[in-house]
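# Architecture and fold: a report
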Amino acid sequence: MRNVGAVYGSWLILLFLMVLILGRFRVSNAVTCAVSELSPCASTIFSSAPPSRDCCSKLKEQQPCLCGYIRNPAYGRFINSPGALKMLQTCNVPRPTC
């Protein structure tokens with residue numbers, strides 16, 4: 001009976017260690033939707049300036065949020081502007097279909 005307890009305890013310790021190890025490597029896919037994250041893209045949206053590497057990076061990061069921005073009357077007209085559409089194309093971000 002004593003061996004069963006030792007084996008059970010060993011399994012619990014192993015399971016606990018696996019949870020700790022796997023928990024450290026967990027990657028979060030959550031994106032915080034904040035239109036301010038697209039500030040590096042302002043010059044591209046409002047002028048004919050090409051998008052910077054930082055702009056494209058932020059745009060790709062914020063891609064899941066674009067439909068929300070488009071639906072927002074305060075931002076939608078900017079996201080659908082010719083400069084923004086050119087920026088999407090240059091950064092290889094598909095135009096959202098919302």
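A quick note: this is a predicted structure, and the numbers were derived from the prediction, not measured.

## Remarks on the overall build of the protein
When helices and strands are counted, the protein shows six helices and zero strands. Secondary structure elements in the protein, listed N-terminal to C-terminal, are α-α-α-α-α-α. Sorting the 98 residues of the protein into buried and exposed places 22% on the buried side. In the protein, 65% of the contacts between residues at least 6 apart in sequence involve partners at least 24 apart. Element-wise, carbon and sulfur atoms account for 62% of the exposed surface of the protein, whose accessible area totals about 7500 Å².

## Section: the side chain of Thr44
By the secondary structure assignment, Thr44 is in helix H2 (residues 42-46). With sequence-adjacent residues up to four places away left out, Thr44 is seen in contact with Ala49, Pro50, Pro51, Gly83 and Met87.

## A word on helix H3 (residues 53-61)
For H3, every residue scored as buried is listed here: Cys55, Cys56 and Leu59. Along the axis of H3, the buried residues cluster in a sector spanning 95°; they form a single face. Those residues of H3 that are buried lie in contact with helix H4 (66-71) and helix H6 (82-90).

## Brief notes about the confidence of the model for the protein
For the protein, mean pLDDT is 77; residues scoring 70 or higher make up 70% of the total. When pLDDT is averaged over each helix and strand of the protein, the minimum, 42, is found for helix H1 (residues 2-24) and the maximum, 96, for H3. Per-residue pLDDT stays below 50 along residues 7-28; that stretch engages in zero contacts with residues further than four places along the chain or on separate chains.

About the cut-offs
Residues numbered from 1 in each chain as written. Predicted model: local features only at pLDDT ≥ 70, side-chain atom pairs only at ≥ 80, totals over all residues. Heavy atoms only, no water. Helix = DSSP H or I, 4+ residues; strand = E, 2+ residues; numbered from the N terminus. Buried < 20%, exposed > 50% of the residue type's maximum accessible area, 1.4 Å probe, protein only. Contact = heavy atoms within 4.5 Å. Areas by Shrake-Rupley, 256 points an atom, 1.4 Å probe, with all protein chains shown as cover. Arc of directions from axis to C-beta. pLDDT = per-residue confidence, 0-100.

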